[in-house]
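What follows is the residue order along each chain.
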Amino acid sequence: MEKFKDSLKFKRNMTIVQILVAIISFILLSFYDSNKIDNQLNFTDSFMDGFRLGIFFAIIIPCVFGVIKYQRLMLDDKKVRNEYIKVNDERTKNIVYNASTAMIRFLLSLMLLSLIVTSFINITVFLTLLIVTFIAGYGFIILKAYYSKKL
């Protein structure tokens with residue numbers, strides 16, 4: 001059980017690091033002003049500022065709740081034991097595995113369909129999406145082979 005408790009501490013610490021990296025990145029990106037290049041403010045700049053802020057909160061809020069969850073878990077041995085049982089439940093692992101595999105296949109299919117559509121619209125978007133599709137596809141194949149041998 002101590003090994004599992006140490007893994008919870010490690011997860012909590014990595015989540016704190018993720019929060020700090022997100023905050024530092026957001027602060028540094030706030031100093032970057034794309035208007036210095038052309039001295040104009042347009043819709044794209046304000047849209048991208050809002051997008052960055054939204055991504056920042058999408059990263060920070062779940063991480064803060066994760067740190068609180070891990071901290072509360074580590075205070076009570078009974079909660080740690082229950083979490084250990086929940087994490088190592090074979091049925092849950094099988095459900096997550098099947099759902100993840102199906103979702104990856106669906107997303108790769110959607111990306112391939114998007115490649116066909118973007119090939120008619122813009123070559124830059126097409127090439128970017130092609131690279132992302134290859135990375136996701138090969139990553140899926142490599143990870144599947146790795147975990148097949150590991151497990």
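Up top you'll find the structure we're talking about.
Quantities reported herein were computed from a predicted structural model and do not represent experimental measurements.

1. Overview of the overall build of the chain
In terms of regular secondary structure, the chain is built from six helices and zero strands. Relative to the 2.2 N^0.38 estimate, which gives 15 Å for 151 residues, the radius of gyration of the chain is 21 Å and therefore markedly larger than a compact globule would have. Taking the principal axes of its C-alpha atoms as reference, the chain extends roughly 60 × 35 × 20 Å. Scored against the burial criterion, the 151 residues of the chain give a buried share of 18%. Across the chain, the fraction of contacts at a sequence separation of at least 24, relative to all contacts at a separation of at least 6, is 66%.

2. Quick word on the pattern of salt bridges
According to the stated counting rule, one finds two salt bridges in the structure shown. Across the pair aspartate 77 and lysine 5 runs a salt bridge, and its minimum N-O distance is 3.0 Å. Of this pair, aspartate 77 sits in helix 4 (residues 77-87) while lysine 5 sits in helix 1 (residues 2-31), placing them 72 residues apart in sequence. For aspartate 77, a relative accessible area of 48% gives the class partly exposed.

3. A few points about the layout of surface pockets
Of the voids in this model, the largest pocket is the one considered here, and its volume is about 540 Å³. Lining the largest pocket are 13 residues; nearest its centre among them are Tyr97, Ser100, Thr101, Tyr147 and Leu151. The set of elements that each furnish at least two residues to the lining of the largest pocket consists of helix 5 (90-118) and helix 6 (123-150).

4. Focus: the packing of aromatic side chains
Throughout the structure, instances matching the rule amount to five aromatic pairs. With centroids separated by 4.5 Å and ring planes inclined at 20°, the aromatic side chains of phenylalanine 26 and phenylalanine 56 adopt a geometry described as stacked. Residue phenylalanine 26 is located in helix 1, and its partner phenylalanine 56 is located in helix 3 (residues 43-75); the two are separated by 30 residues in the primary sequence. On the basis of relative accessible area, phenylalanine 26 is assigned to the partly exposed category, the value being 25%.

5. So, the side chain of lysine 5
On the basis of relative accessible area, lysine 5 is assigned to the buried category, the value being 15%. Once residues within four sequence positions are removed from consideration, lysine 5 is found in contact with Met74, Asp77 and Val80.

6. Describing the environment of serine 30
The residue serine 30 is located in helix 1 in this model. Residue class for serine 30 comes out partly exposed when judged on its relative accessible area of 47%. Between the alpha carbons of serine 30 and leucine 115 there is a distance of 33 Å; along the sequence they are 85 residues apart.

7. A short note on the packing of helix 5 against helix 6
Across the interface, helix 5 lies against helix 6 with an axial gap of 10 Å and an inter-helix angle of 155°. Relative to helix 6, helix 5 is oriented roughly antiparallel. With respect to the hand of their crossing, helix 5 and helix 6 are arranged in left-handed fashion. Counting all contacts with helix 5, which are made through Tyr97, Thr101, Ile104, Arg105, Leu108, Met111, Leu112, Ser114, Leu115 and Thr118, the residues of helix 6 involved are Val125, Phe126, Leu129, Leu130, Val132, Thr133, Ala136, Gly137, Phe140 and Lys144. Among the residues making up the contact of helix 5 with helix 6, the classes are represented as 13 nonpolar, five polar and two charged.

8. Description of the environment of leucine 127
Looking at the secondary structure, you find leucine 127 in helix 6. In this structure, the C-alpha to C-alpha distance between leucine 127 and isoleucine 85, residues 42 residues apart in sequence, is 45 Å.

Analysis parameters
- Residues numbered from 1 in each chain as written.
- Predicted model: local features only at pLDDT ≥ 70, side-chain atom pairs only at ≥ 80, totals over all residues.
- Heavy atoms only, no water.
- Helix = DSSP H or I, 4+ residues; strand = E, 2+ residues; numbered from the N terminus.
- Rg over C-alpha atoms; globule rule 2.2 N^0.38 Å.
- Buried < 20%, exposed > 50% of the residue type's maximum accessible area, 1.4 Å probe, protein only.
- Contact = heavy atoms within 4.5 Å.
- Salt bridge = Lys/Arg side-chain N within 4 Å of Asp/Glu carboxyl O.
- 1 Å grid on protein atoms, 1.4 Å probe; cavity = no way out; pocket = protein on both sides within 12 Å on 5 of 7 lines; lining within 4 Å.
- Points joined across faces, edges and corners; volume = space filled by probe spheres on them.
- Phe/Tyr/Trp six-rings, centres within 6.5 Å; stacked < 30°, edge-to-face > 60°.
- Axes fitted to C-alpha atoms, helices over the stretch in contact; angles between N-to-C directions.
- Parallel < 35°, antiparallel > 145°, perpendicular 65-115°, else oblique.
- Left-handed = near helix turned anticlockwise from the far one by under 90°.
- Nonpolar A, V, L, I, M, F, W, Y, C, P; charged D, E, K, R; others polar.

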